Each structure stands twice: as structure tokens, then as C-alpha cells.
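Coordinates in review
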Amino acid sequence: MPQSEDSTHLSPEDKYYDAIDRVAEGDLAGAVIAFRSCLVDDPSMLDAMHGLIRALQDLGELDEAIGIAIRLSYLAPEDVLAHTSLSILYQHKGMVPEAEAEAMKAKLLSWKLELRQQKLNPGTS
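The structure contained in this document is the topic of the report that follows.

Basis of the calculations
Residue numbering note: each chain is counted from 1, following its sequence as written. With pLDDT at 70 or above as the cut-off, local features in this predicted model cover only qualifying residues; side-chain atom pairs require 80 or more to be listed or tallied, and sums for whole chains, interfaces and linings still use all residues. To get the side-chain values, all heavy atoms of the structure are used, and hydrogens and water are removed first. Note on definitions: angles span 0 to 180 degrees between N-to-C directions of axes, and those axes are lines fitted to C-alpha atoms, for helices only across the stretch in contact. Comment: elements are numbered from the N terminus, with helices defined as DSSP H or I runs of at least four residues and strands as E runs of at least two. When describing relative orientation, an angle under 35 degrees is termed roughly parallel and one over 145 degrees roughly antiparallel, while 65 to 115 degrees is termed roughly perpendicular and anything else oblique. Handedness of a helix crossing follows the sense of rotation of the near helix relative to the far helix, less than a right angle counterclockwise being left-handed and clockwise being right-handed. Whether two residues touch is decided by their heavy atoms; if any such pair falls within 4.5 Å, the residues are in contact. Only Asp, Glu, Lys and Arg are considered charged, only Ala, Val, Leu, Ile, Met, Phe, Trp, Tyr, Cys and Pro nonpolar, and every remaining residue, Gly among them, polar. A pair of aromatic rings is counted whenever rings of Phe, Tyr or Trp (Trp by its six-membered ring) have centres within 6.5 Å, and the orientation is called stacked for planes under 30 degrees apart, edge-to-face for over 60 and tilted otherwise. Here the term buried applies to any residue with accessible area under 20% of the maximum for its type, exposed to any over 50%, and partly exposed to those in between, with areas from a 1.4 Å probe on protein chains only. By definition here, a salt bridge exists when the distance from a side-chain nitrogen of Lys or Arg to a carboxyl oxygen of Asp or Glu is within 4 Å.

1. Notes on the packing of helix α1 (residues 12-25) against helix α2 (residues 28-41)
Close contact between α1 and α2 brings their axes to 8 Å; oriented N to C, the two are set at 165°. Taken together, the axes of α1 and α2 lie roughly antiparallel to each other. Along this stretch, α1 crosses α2, giving a crossing that reads as left-handed. Facing P12, K15, Y16, D18, A19, I20, R22 and V23 of α1, the residues of α2 in contact are L28, G30, A31, A34, F35, S37, C38 and D41. By residue class, the composition of the contact of α1 with α2 is 10 nonpolar, two polar and four charged.

2. Looking at the environment of S73
For S73, the location among the structural elements is in helix α4 (residues 62-75). For the pair S73 and H83, spaced 10 residues apart in sequence, the C-alpha to C-alpha distance is 6.5 Å. Non-local contacts of S73, meaning those with residues more than four positions away in its chain, are made with A82, H83 and L86.

3. A closer look at the packing of aromatic side chains
Overall, the coordinates contain two aromatic pairs when judged by the stated rule. Centre to centre, the rings of Y16 and Y17 are 5.3 Å apart; their planes meet at 70°, and the pair counts as edge-to-face. Geometrically, the ring pair formed by Y16 and F35 is tilted, given 6.1 Å between the ring centres and 55° between the ring planes. Of the two residues, Y16 sits in helix α1 while F35 sits in helix α2, which places them 19 residues apart along the sequence. We note that Y16, like F35, is buried. Joined through ring pairs, the aromatic side chains of Y16, Y17 and F35 make up one cluster.

4. Description of the pattern of salt bridges
Scanning all chains against the criterion turns up nine salt bridges. D27 serves as the salt-bridge partner of R22, at 2.8 Å between the closest nitrogen and oxygen. Taking the relative accessible area as the measure of exposure, R22 reaches 11% and is therefore buried. R36 is the salt-bridge partner of E64, the closest N and O atoms lying 2.4 Å from each other. Here E64, found in helix α4, pairs with R36, found in helix α2; they are 28 residues apart in sequence, far enough to count as distant. Judged by relative accessible area, E64 falls into the partly exposed class, the value being 34%. A relative accessible area of 36% means that R36 is categorised as partly exposed. One salt-bridge network, held together by shared partners, links D18, R22 and D27.

Rendered as C-alpha cells:
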């Protein structure tokens, strides 16, 4: 779906879905623009941050993707995907110790969430 000429009237959610459509169409540069526009309007939209990180990664813009992933991990410290993404980005940069540390954080958070679910729903594991 091409972005309208006047995207300033779109909601952050509309911009997010436009960005997702652009990713699906292979227009990563357009997706980055749409994700950024979405985040200008709603800096707390974590899904848009995840999308932006992935689009930047696929474009090879690893340093910028790492910066956004770090910001996301500060905004949502228990977001397993944020730490997983950061680990992957560090791996691509050859930063093995940092990648391993983020992978461990993601694994520990995953276990923590799993235990929390088991406490809320005993007998469903």
C-alpha cells in the first residue's frame, strides 16, 4: 500500500501498518521511514521499535539498529525479543561477549515469564 502524500493525518497505528505492508512488499527503506514517522507520533509504540530494528538490520544499518534496540531494552527491560534482537545484532557485528550476555538476559527473562505463567496457571505445563 503506497503511503499517502499527506501522511501527517494518519494515526500512529496507521503508520505502523503502512510500515508492515512496506516490509511485506520488500520496501525496507520505505518501512524505515514509516516506522520512524510512527515513533515520532508515539515514541512508546514498542512494536514499531521492533519493526524499525528489524528493517534496519535487513538494510545492514547495524549501528543504528543496535542503538534503537538498546533504547527498547531500557524502555521495556523484560521484553525478551528486545534482548534477543540485540544479541543477534551484536553477533552480526562480531561482538561475541555482548551477544552472549544479551542472549543470556533473554533466556533468563523467558524462564522468569514461564515461571510466572506456571504460578498463575498451575497444572498447565
